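The chain contents come next:
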Amino acid sequence: MTEFNIIPLDQVDKAWVDQLLDQVFGPDRASRTIYRVREGLDPLPALSFAALDDQDYLVGSIQCWPVALTDPDGLAYPMILVGPVGVAPDHQDQGIGRALMASVFGALGVGEKLPLVLLGDPEYYGTRFGFSADRTGGWTLPGPYEQHRLLALVRPDLPIPERGMLGPWRMI
Ligand SMILES: CC(C)(COP(=O)(O)OP(=O)(O)OC[C@H]1O[C@@H](n2cnc3c(N)ncnc32)[C@H](O)[C@@H]1OP(=O)(O)O)[C@@H](O)C(=O)NCCC(=O)NCCS
């Protein structure tokens, strides 16, 4: 079992992060639809973290992005896109993914109202972190994806549209 530390992602060389994510998701990862949802954005520094092993090698990372769900009337509802969450193959199943997610939840705090959204395996993000596809059935992404993997964590009392398209959030 590896010892690891979680630090802010912006303290790590971006080239290392790219190398890790290429290793985990493949070098063609940027062609995936989810990359279009956060196209042109920088990750949110307060919500993006790295996991380093005891030799200070990067073994995991998580990034969050400011996105919005735009409803059929053109109204934009801001949300936080979580991901990619990636852990080096030889360090998986040691709690690093869980610790990276916990760092995001810790940084958000209990008062956070913005929905979190991600594209990922319901088996991992559902039972462990409370994400579900219950409210995302009418949401779309700008390209091909598997609808059952579009997951959100939304406060039950928060009014959000049943239908909409996810994309980058820009104030103007
Ligand atoms: C998915 C990922 C981020 C999880 O991080 P991790 O550090 O390996 O996982 P943790 O140690 O926090 O959790 C391990 C548990 O999650 C389970 N798990 C891991 N990946 C899973 C998946 N894709 N679906 C369901 N369960 C999964 C493990 O079986 C283990 O279960 P257990 O606690 O019952 O033994 C990491 O494995 C990863 O980067 N995988 C490659 C990318 C990938 O497969 N992504 C798919 C999800 S989007």
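These lines cover the structure that appears in this document, whether it is placed above or below. Small disclaimer: the values here were computed from a predicted structure and weren't measured.

How each quantity is defined
- Residues numbered from 1 in each chain as written.
- Predicted model: local features only at pLDDT ≥ 70, side-chain atom pairs only at ≥ 80, totals over all residues.
- Helix = DSSP H or I, 4+ residues; strand = E, 2+ residues; numbered from the N terminus.
- Rg over C-alpha atoms; globule rule 2.2 N^0.38 Å.
- Buried ≥ 20, exposed ≤ 12 C-beta atoms within 10 Å, placed from the backbone.
- Near = placed C-beta within 6 Å.
- Nonpolar A, V, L, I, M, F, W, Y, C, P; charged D, E, K, R; others polar.
- Pairing = 2+ DSSP bridges.
- Core = buried A, V, L, I, M, F, W, Y, C linked by C-beta atoms within 7 Å.
- Contact = placed C-beta atoms within 7 Å.
- Right-handed = clockwise from strand over helix to strand, strands pointing away.
- Expected span 1.5 Å × (residues − 1).
- Arc of directions from axis to C-beta.

## Some points on the overall build of the protein
- Within the protein, the regular secondary structure consists of 4 helices and 8 strands.
- Starting at the N terminus and walking to the C terminus, you meet the elements of the protein as β-α-α-β-β-β-α-β-α-β-β-β.
- By the compact-globule yardstick of 16 Å for 172 residues, the protein fits well, its C-alpha radius of gyration being 16 Å.
- For the protein, the C-alpha atoms occupy an extent of roughly 50 × 30 × 30 Å along the three principal directions.
- When each of the 172 residues of the protein is scored for burial, the buried share is 31%.

## Overview of the site of the ligand
- The full set close to the ligand counts 15 residues, and Gln 92, Gly 97, Arg 98, Gly 120 and Glu 123 are the nearest of them.
- Residue composition of the shell around the ligand, grouped by class: 5 nonpolar, 6 polar and 4 charged.

## Some words on the pairing of strand 2 (residues 49-53)
- As paired elements, strand 1 (residues 4-8) and strand 2 share 5 bridges and run antiparallel to each other. Bridge pairing in strand 2 links Ile 7 to Ala 50.
- Across 4 bridges, strand 2 lies against strand 3 (residues 58-70) in antiparallel orientation. What sits directly across from Ala 51, in strand 3, is Gly 60.
- Between strand 2 and strand 3, which pair antiparallel one after the other, the connecting turn spans 4 residues, and Asp 56 there sits at a positive phi close to 70 degrees.

## Things to note about the nonpolar core
- With 42 residues, the main nonpolar core has Leu 81 and Leu 118 as its most contacted residues.
- Among the elements that line this core, the one with the most residues is strand 3, at 7 residues.
- Excluding residues that lie within four positions of it along the chain, Leu 81 makes contacts with Val 37, Arg 38, Cys 64, Trp 65, Val 67, Val 117 and Leu 118.

## Regarding the pairing of strand 5 (residues 116-119)
- Here strand 5 shows a buried face lined by Leu 116 and Leu 118 and a second buried face lined by Val 117 and Leu 119.
- Pairing analysis gives 2 bridges linking strand 4 (residues 76-87) to strand 5, with the strands arranged parallel. Residue pairing across strands places Leu 81 opposite Val 117, the latter belonging to strand 5.
- Crossover connection from strand 4 via helix 3 (residues 96-108) to parallel strand 5: handedness right-handed.
- With 4 bridges connecting them, strand 5 and strand 7 (residues 150-153) associate as antiparallel partners. Considered in strand 7, the bridge of Leu 116 is made with Leu 153.

## Comments concerning helix 3
- Compared with an ideal rise of 1.5 Å per residue, which puts 13 residues at 18 Å, helix 3 spans 19 Å between its outermost C-alpha atoms and is within 8% of the ideal.
- Along helix 3, the positions that sit buried rather than exposed are Ile 96, Gly 97, Leu 100, Met 101, Ser 103 and Val 104. All buried residues of helix 3 project into a common sector of 150 degrees when viewed along the axis, lining one side.
- The secondary structure elements touched by the buried residues of helix 3 are strand 1, strand 2, strand 3, strand 4 and helix 4 (122-129).
- Of the residues trailing helix 3, Gly 109 is marked for its positive phi of about 80 degrees.

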